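# Coordinates in review
Chain by chain, the residues run as shown.
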Amino acid sequence: MDLRSLRYFIAVVEAGSLSRAAGSLYIAQPALTAQIKKLESELGAQLLERSHAGVTPTQAGVQLYQDARRLLSDATAMRERIQRLPQGPEGSVTIAVPFLLSSLLMGPLLARLKKTHPRIRVFVLDDLSLMVKKAMVERRADIGILVDTPQAEGLVCRPFARESMYFCGHDADGTVRALLQRPPASAAPTRPDIDFAVAAAQPLVLQSRRFSIRQQVEDAAALRGTALNIVHEHDSARVIRSLYACGAGFTFTPACAMGDTPAMASDWLVARVVNPEMARAYTVATAPERDRDPGADGVMQAVLQALAAVAQRLADTGRWDAEIAGPGAAP
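Residues numbered from 1 in each chain as written. Predicted model: local features only at pLDDT ≥ 70, side-chain atom pairs only at ≥ 80, totals over all residues. Heavy atoms only, no water.

## A closer look at the overall build of the chain
Each helix and strand counted, the chain has 10 helices and 13 strands in total. Within the chain, the fraction of its 331 residues that count as buried is 46%. Sequence-distant contacts in the chain: of pairs separated by 6 or more residues, those separated by 24 or more amount to 75%. For the chain, the accessible area works out to roughly 16900 Å², and carbon and sulfur atoms hold 52% of it. Once the 37 positive and 34 negative side-chain charges of the chain are each reduced to a mean point, those two points are 6 Å apart. (Helix = DSSP H or I, 4+ residues; strand = E, 2+ residues; numbered from the N terminus. Buried < 20%, exposed > 50% of the residue type's maximum accessible area, 1.4 Å probe, protein only. Contact = heavy atoms within 4.5 Å. Areas by Shrake-Rupley, 256 points an atom, 1.4 Å probe, with all protein chains shown as cover. Lys, Arg positive; Asp, Glu negative; His and termini not counted. Charge placed at Lys NZ, Arg CZ, Asp CG, Glu CD.)

## Topic: helix H6 (residues 129-137)
Along H6, the positions that sit buried rather than exposed are Val132, Ala135 and Met136. One side of H6 holds all its buried residues, which, seen down the axis, span an arc of 100 degrees. Next to the buried residues of H6 lie strand S3 (91-98), strand S4 (120-127), strand S5 (143-147) and strand S12 (279-286). Among the residues trailing H6, arginine 139 stands out with phi positive, at a value near 60 degrees. (Arc of directions from axis to C-beta.)

## With respect to the layout of surface pockets
Each pocket or cavity is described by its volume, and for the largest pocket that value is around 970 Å³. Lining the largest pocket are 38 residues, and of these Phe99, Leu100, Gln207, Ile213 and Ala237 sit closest to its centre. Going through the elements one at a time, helix H5 (99-116), H6, S5, strand S8 (204-206), helix H8 (212-224), helix H9 (237-245) and strand S10 (251-254) are the ones with two or more residues in the lining of the largest pocket. Ranked by residues supplied to the lining of the largest pocket, first place goes to H8 with 6 residues. Here the residues of the lining of the largest pocket are counted per class, giving 17 nonpolar, 10 polar and 11 charged. Lining the second largest pocket are 20 residues; nearest its centre among them are Val62, Gln63, Gln66, Leu125 and Arg140. Looking at the lining of the second largest pocket, the element that brings in the most residues is helix H4 (residues 59-83), giving 8 residues. (1 Å grid on protein atoms, 1.4 Å probe; cavity = no way out; pocket = protein on both sides within 12 Å on 5 of 7 lines; lining within 4 Å. Points joined across faces, edges and corners; volume = space filled by probe spheres on them. Nonpolar A, V, L, I, M, F, W, Y, C, P; charged D, E, K, R; others polar.)

## Some details on unusual backbone geometry
Here asparagine 275 and proline 276 are connected by a cis peptide whose omega angle stands at 0 degrees. With respect to the helices and strands, the residue proline 276 is situated in the loop between strand S11 (268-274) and S12. Unlike most non-glycine residues, tyrosine 26 shows phi in positive territory, near 60 degrees. Position of tyrosine 26 relative to the elements: it lies in the loop between helix H2 (18-25) and helix H3 (29-43).

## Observations regarding the pattern of salt bridges
Scanning the model with the defined rule gives 15 salt bridges in all. As a salt-bridge pair, arginine 70 and aspartate 142 come within 3.4 Å of each other at their nearest N and O atoms. One end of the pair, arginine 70, is in helix H4; the other, aspartate 142, is in the loop between H6 and S5, and 72 residues separate them in sequence. For aspartate 142, a relative accessible area of 24% puts it in the partly exposed group. (Salt bridge = Lys/Arg side-chain N within 4 Å of Asp/Glu carboxyl O.)

## Looking at the nonpolar core
The nonpolar side chains of a soluble globular protein tend to be buried with one another. If you look at the biggest cluster of nonpolar residues, it comprises 43 residues, and the most contacted ones within it are Leu101, Leu105, Phe160, Tyr282 and Trp320. For this core, the element with the most residues is helix H10 (residues 297-316), which contributes 11 residues. The residues touching leucine 101, leaving out its near neighbours within four places in the chain, are Met106, Ile145, Cys256, Tyr282 and Trp320. (Core = buried A, V, L, I, M, F, W, Y, C linked by side-chain atoms within 4.5 Å.)

## Digging into the environment of aspartate 267
Tracing the sequence through the fold places aspartate 267 in the loop between S10 and S11. Through-space distance from the C-alpha of aspartate 267 to that of glycine 174 is 7.5 Å; in sequence the pair is 93 residues apart. When residues no more than four places from it in sequence are discounted, the contact partners of aspartate 267 are Gly169, His170, Asp171, Ala172 and Arg177.

## Focus on the UniProt feature "domain: HTH lysR-type" (unreviewed entry) in the chain
Sequence positions flagged by UniProt for "domain: HTH lysR-type" (unreviewed entry) are, in local numbering, residues 1-58. Annotation note: span residues 1-58, helix share 62%, strand share 14%, distance between end C-alpha atoms 19 Å. (UniProt positions renumbered as here; feature names shortened; annotations may be inferred.)

## So, the side chain of glutamine 207
Residue position: glutamine 207 is located in the loop between S8 and H8. At 2.5 Å, the side chain of glutamine 207 and the backbone oxygen of aspartate 235 are in polar contact. Contact partners of glutamine 207, with chain neighbours within four places excluded, come to Arg214, Glu233, His234, Asp235, Ser236, Ala237 and Ile240. (Polar contact = N/O pair within 3.5 Å; in protein donor to acceptor, adjacent residues only side chain to side chain.)

Here you go:
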């Protein structure tokens, strides 16, 4: 197995077709097919599923694709280190982050690091909160942002942020708006509150019980002895968003996802959930120092400090309604 074979494999996965990949690589398709078969033979695993529509990676293929991209990036960095003197921290970091937080946080973080530490390469794994923790436990990520997990065995966890949960949806006839708890007229402008029992009685669109937000809603309902009026239940976050965006019901969402809601609609309702107050707490997890690669501390510290700075700026500018603890420096 050599770097050229890995480059060929990456090109095939990204093109979704052997013929398209061969064209982009300027090699004959039979030669490319032979390279892929040789790679599969060397690894002892099928890497691609072939069909009339093209090719898709198997589970082993997905793993190889992720590892190969990182390996080739490190190879490029190695060549650059030899060609010029290092300037600042240099290395690769993989960050695992929950889906909902990813769209808010990762863009500003990656843009900031590109300017301040261009020699640090950041890979992002965005997934369900449970899979983020799994990636950290399996050491497939260097930094993980965990949801409602203050401690995790084998990991060093530091408080990062705490955000409120909101109830939102289209309230066409104003029925729910009339039930909100308004802040005093003298108070600073803020969103109204909604009692959890009132929210639970509205038509709800929620993901299934294997998702952390649904679990939190179920826990709050059990605490209050309240039944949930669920009218739609789907695993897909995109389907849930489509349902509440078209007025099919209301949902519970963390503050980090508020930027994805159609707030411009005149009948759009957003209220903070109280009695009980629902919130999500985030921790930043890293591997213990003894388990990290030698010399990685400088890179880790730079990324963690950038993460804290970006989160604080998002909170200070009102883009994220959260209290930021910040990881500070690398633990």
